[in-house]
Amino acid sequence: MKILIDIKHPAQLNLFKNLSRVLADEGWDVTICYLERGKLPKIIAQEYAGFRTIPVGSSKGTKWSIFWDGNVKRTLTFFNLIRKNNYNICVAASSIPLALAARVSGVPIIQFYDDPERGKINDLNAVFSDQLFFPPIVEKTEKTSTFNCLKEWSYLSPRWFKPDTQILQRYGLTPHQYVFVREVSNKSFNYYDQEDAIVCSLSQEIDPNATVVLSLEDKSIAHKFPKNWILLEEPVGDIHSLIYYSKLVISSGDSMAREGAMLGVPSVYCGIRNMKANEMLMGLGILEHLPQREALPFINSTIAASFDEQKQVSTRNELLETWDDMVDFMKKQIHHYMKGQINHYKYQ
């Protein structure tokens, strides 16, 4: 069986990683397509080594490039790829170009996403896709179903992720004695309306004695942060272990804030987007949404407090017991939506 998986954003990169490996181990022919955007090609080469990876479209950050290179040209390329390679099913996380190409080609496509706020885009995806899957933060419809977790759980569940202290040695870090910061760029579609460099604007008021590691999407503003902060060069070999062993996660992007929370680390999202996926974690008491300067008191008080390792373990164990295994869920849906071909394969 042949499957095409599309990845267009770093936040989607890990969603399909374990699924791809499981399917490949079962004999599937797996193709990974990706958008040429920022560091994504380099990270894909590292994280999906051994798979067939194909660049499809690009994005230079401008609205025209997003529309023309990242959507129109991508659709045509996907159509040609599907026609040439006869894929049995396509999988993505909100990819209108792939959904349209698959629908025209008569190939089933299912998508796994967590952002119901993008209404018009989701409506188009629903028209072209066989099914959209969201966390339990949407109303179920004929084209929309739910899974009981967040998509990041596909690679952060204790079943799939085992933290390793080896990465800390590279930066001279001590477990739970440093802060992890993620600063996203506002040049992507999701953050056009957000003030740029939110964490940077707060950085001089964050405890100057704190050890801070910085994951910075736009390296051109690195000189604006405190000189003693440790700047990461992506791709980082084991970034989720860096997050797991941190004392606090501060992020102007929603995805990494959720990752920190699911790894049991006190986490604050200081961006402006109100997202139901975040609210799901906020309701569990493991994520704070404090836009811009509102985050400062929480940041400095958490830095001053001791890290609770027992709480970290119990948080993750509770999620493991109550949430779906995302990889198993996706695999089951792939087999189901193979339509007439499902009889040839049995879900395990």
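The notes below deal with the structure included here. As the structure is a computational prediction, the values presented were derived from the model and not from experiment.

The next thing to look at is the side chain of Arg273. Residue placement: Arg273 occurs in the loop between β12 (267-269) and α11 (276-283). One polar contact links Arg273 to Asp115, side chain to side chain, over a distance of 2.7 Å.

Now for the packing of helix α4 (residues 96-105) against helix α5 (residues 119-128). Their axes nearest at 8 Å, the elements α4 and α5 cross at an angle of 20°. Of the possible angle classes, the one that applies to α4 and α5 is roughly parallel. Helix-helix and strand crossings are classified by hand; for α4 and α5 the assignment is left-handed. Where α4 abuts α5, its residues Ile96, Ala99, Leu100 and Arg103 lie against Ile121, Leu124, Asn125, Val127 and Phe128. Grouping the constituent residues of the contact of α4 with α5 by class yields 7 nonpolar, 1 polar and 1 charged.

This next bit is on the environment of Ser241. The topology assignment puts Ser241 in helix α9 (residues 239-244). Counting along the chain gives 26 residues from Ser241 to Ser267, while the straight-line C-alpha distance between them is 15 Å. If we ignore the near neighbours within four places in the chain, the residues touching Ser241 are Phe161, Lys162, Pro163, Asp164, Ile167 and Tyr178.

This brings us to the packing of aromatic side chains. All chains considered together, the criterion is met by 11 aromatic pairs. Judged by centre distance (5.0 Å) and plane angle (85°), the ring pair of Tyr244 and Tyr245 falls under edge-to-face. Each member of the pair Tyr244 and Tyr245 is classed as buried. Sitting over the face of the ring of Tyr87, Lys2 holds its NZ or CZ atom 5.6 Å from the ring centroid.

The nonpolar side chains of soluble globular proteins are, as a tendency, buried together. Ile3, Phe16, Phe112, Phe180, Leu242, Trp323 and Ile334 are the most contacted members of the largest nonpolar core, which has 69 residues in total. With 5 residues, the top contributor of residues to this core is helix α14 (residues 326-336). Beyond its immediate stretch of four places on either side in the chain, Ile3 contacts Leu23, Trp28, Asp29, Val30, Thr31, Tyr87, Ile89, Val91 and Ile334. Formed by 24 residues, the second largest nonpolar core is a distinct cluster that contains Ile206, Ala210, Leu214 and Ile303.

So, on to a nonpolar patch on the surface. Among the surface-exposed residues, Trp64, Phe67 and Trp68 lie close enough to one another that they form a single nonpolar patch of about 380 Å² accessible area. Positionally, Trp68 belongs in helix α3 (residues 63-85). Taking relative accessible area as the criterion, Trp68 reaches 37% and is therefore assigned partly exposed.

Cut-offs used in this document
Residues numbered from 1 in each chain as written. Predicted model: local features only at pLDDT ≥ 70, side-chain atom pairs only at ≥ 80, totals over all residues. Heavy atoms only, no water. Helix = DSSP H or I, 4+ residues; strand = E, 2+ residues; numbered from the N terminus. Polar contact = N/O pair within 3.5 Å; in protein donor to acceptor, adjacent residues only side chain to side chain. Axes fitted to C-alpha atoms, helices over the stretch in contact; angles between N-to-C directions. Parallel < 35°, antiparallel > 145°, perpendicular 65-115°, else oblique. Left-handed = near helix turned anticlockwise from the far one by under 90°. Contact = heavy atoms within 4.5 Å. Nonpolar A, V, L, I, M, F, W, Y, C, P; charged D, E, K, R; others polar. Phe/Tyr/Trp six-rings, centres within 6.5 Å; stacked < 30°, edge-to-face > 60°. Buried < 20%, exposed > 50% of the residue type's maximum accessible area, 1.4 Å probe, protein only. Lys NZ or Arg CZ within 6 Å of the ring centre and 35° of its normal. Core = buried A, V, L, I, M, F, W, Y, C linked by side-chain atoms within 4.5 Å. Patch = residues over 30% accessible without salt bridge, like charges linked within 9 Å, V, L, I, M, F, W, Y side chains within 5 Å. Areas by Shrake-Rupley, 256 points an atom, 1.4 Å probe, with all protein chains shown as cover. Salt bridge = Lys/Arg side-chain N within 4 Å of Asp/Glu carboxyl O.

These results come straight from atomic positions and should not be treated as a statement about function.
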